[in-house]
Amino acid sequence: MEVKNKTMFHIHTSNQYDELWQEGNELVIDNNFNSICGLSIAYFNTDIICSNDELASLEGYLKSYLTEGVENLDINLIKKLLEDSYRIIYNANRCKCEAALEICRRKKFKSYPSRLHSIWVTDKDNLDYWLNILTGKTIFELELTGILFKTSDLYIPDSHLSLGESIDTAETYWNPIFTREALDKREYLFQGKALIKRKIQ
């Protein structure tokens, strides 16, 4: 739906646009803007950062350790390998989810704003719900003029689904049924002009 001077709230995740998030700035959110969802796909890789700050293939390390034996590995190295493996799998699932949502949108809902090129916002009534989930973030009050799309986090595809299943499931995200639970987890995508009125915390 089109909105004009509508007050909404953005819970900000630090990214390459941090310097723009200042009170009084007006942001233009269009298809040239890359959201954190878009950045998660564009910059995804399976490399790890070594002690010398260089990137290396986790796959290569795991293969050599499995080939040569893991009996003498230091517990701290094992912990780091597990942490890196978890991070990569988590990010891979996130990329799969975002890819599925975008593929579904392009196939059936082209007129809707892309998650890859929108900012995420919520309304005042639902702000407390999201603050309980997204802890330690910065909140901005915005004045929005443009296109606002209402949906629900309830309909984000589950990480255990295949890509094909995720694409099918994503249709509900773009064409939501607003049950009580879905309304409790509602979220909005926005494209247009966003005036940063104030930083709340």
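Every value quoted in this text rests on a predicted model; they were computed, and no experiment measured them. (Residues numbered from 1 in each chain as written. Predicted model: local features only at pLDDT ≥ 70, side-chain atom pairs only at ≥ 80, totals over all residues. Heavy atoms only, no water.)

## What to know about the overall build of the chain
Across its full length, the chain carries seven helices and seven strands. Secondary structure elements of the chain, listed N to C terminal, follow the sequence β-β-α-β-β-α-α-β-α-β-α-α-α-β. Oriented by its inertia axes, the alpha-carbon framework of the chain measures out at about 65 × 40 × 30 Å. Looking at the chain residue by residue over its 201 residues, the buried ones come to 40%. Sequence separation of 24 or more characterises 81% of the internal contacts of the chain that already satisfy a separation of 6 or more. Carbon together with sulfur atoms contributes 51% to the accessible area of the chain, which is approximately 12100 Å² in total. (Helix = DSSP H or I, 4+ residues; strand = E, 2+ residues; numbered from the N terminus. Buried < 20%, exposed > 50% of the residue type's maximum accessible area, 1.4 Å probe, protein only. Contact = heavy atoms within 4.5 Å. Areas by Shrake-Rupley, 256 points an atom, 1.4 Å probe, with all protein chains shown as cover.)

## Let's talk about the nonpolar core
W21, I119, V121, L142, L144, L148 and F190 are the most contacted members of the largest nonpolar core, which totals 17 residues. For this core, the secondary structure elements donating two or more residues are β1 (2-12), β2 (26-29), β5 (119-121), β6 (138-152) and β7 (186-199). Excluding residues within four positions of it along the chain, W21 makes contact with H10, H12, L27, I119, F140, L142 and I196. Among the nonpolar cores identified, the runner-up in size contains 14 residues, and C97, F109, F149 and I167 belong to it. (Core = buried A, V, L, I, M, F, W, Y, C linked by side-chain atoms within 4.5 Å.)

## Side note on the packing of aromatic side chains
Per the counting criterion, the structure on display carries seven aromatic pairs. Pairing W21 with F140 gives two aromatic rings, centres 5.1 Å apart and planes at 40°, and the pair type is tilted. One end of the pair, W21, is in the loop between β1 and β2; the other, F140, is in strand β6, and 119 residues separate them in sequence. On the basis of relative accessibility, which here comes to 4%, the residue F140 falls in the buried class. Ring-pair connections join several aromatic residues into one group, and the members of that group are F109, Y112, F149, Y173 and W174. It is K150 that lies over the ring of F178; its NZ or CZ is 4.9 Å from the centre. (Phe/Tyr/Trp six-rings, centres within 6.5 Å; stacked < 30°, edge-to-face > 60°. Lys NZ or Arg CZ within 6 Å of the ring centre and 35° of its normal.)

## Some thoughts on the confidence of the model for the chain
Mean pLDDT over the chain: 86, with 94% of residues reaching 70 or higher. Mean pLDDT across the elements of the chain bottoms out in helix α1 (residues 36-42) (69) and peaks in helix α6 (residues 171-174) (96). (pLDDT = per-residue confidence, 0-100.)

## Re helix α3 (residues 75-108)
With 34 residues, α3 should reach 50 Å at 1.5 Å per residue; the first-to-last C-alpha distance of 49 Å fits that figure. The complete set of buried residues in α3 reads L81, D84, I88, C95, K96, C97, E98, A100, L101, E102, C104 and R105. Of the residues flanking the start of α3, the one acting as N-cap is D74, its side-chain oxygen 2.9 Å from the backbone nitrogen of N76. (Expected span 1.5 Å × (residues − 1). Polar contact = N/O pair within 3.5 Å; in protein donor to acceptor, adjacent residues only side chain to side chain.)

## What to know about the layout of surface pockets
Roughly 860 Å³ of volume is contained in the largest pocket. Lining the largest pocket are 31 residues, and of these I36, C37, R94, E98 and R115 sit closest to its centre. Here the element with the most residues in the lining of the largest pocket is α3; it accounts for five residues. Grouping the amino acids of the lining of the largest pocket by side-chain chemistry returns 16 nonpolar, eight polar and seven charged. (1 Å grid on protein atoms, 1.4 Å probe; cavity = no way out; pocket = protein on both sides within 12 Å on 5 of 7 lines; lining within 4 Å. Points joined across faces, edges and corners; volume = space filled by probe spheres on them. Nonpolar A, V, L, I, M, F, W, Y, C, P; charged D, E, K, R; others polar.)

## Describing a nonpolar patch on the surface
A cluster of nonpolar side chains, L62, L66 and V70, forms an exposed patch at the surface whose accessible area comes to about 270 Å². Within the secondary structure layout, L66 lies in helix α2 (residues 58-68). (Patch = residues over 30% accessible without salt bridge, like charges linked within 9 Å, V, L, I, M, F, W, Y side chains within 5 Å. Salt bridge = Lys/Arg side-chain N within 4 Å of Asp/Glu carboxyl O.)

## Concerning the packing of α2 against α3
Between α2 and α3, the shortest axis-to-axis distance is 11 Å and the interhelical angle comes to 135°. The pairing of α2 with α3 is recorded here as oblique in orientation. Between α2 and α3 lies a crossing of left-handed hand. In contact with L58, L62 and Y65 of α2, α3 contributes L77, L81, D84, S85 and I88. (Axes fitted to C-alpha atoms, helices over the stretch in contact; angles between N-to-C directions. Parallel < 35°, antiparallel > 145°, perpendicular 65-115°, else oblique. Left-handed = near helix turned anticlockwise from the far one by under 90°.)

## Here's the deal with the pattern of salt bridges
Overall, the coordinates contain twelve salt bridges when judged by the stated rule. Residue R186 pairs with D123 through a salt bridge whose shortest N-O separation is 2.9 Å. On the criterion of sequence distance, the pair formed by R186 in strand β7 and D123 in the loop between β5 and α4 (127-133) is long-range, its members being 63 residues apart. For the pair R186 and D123, a shared accessibility class is recorded, and that class is buried. Each of K80, D84 and R87 takes part in one network of salt bridges that share partners.

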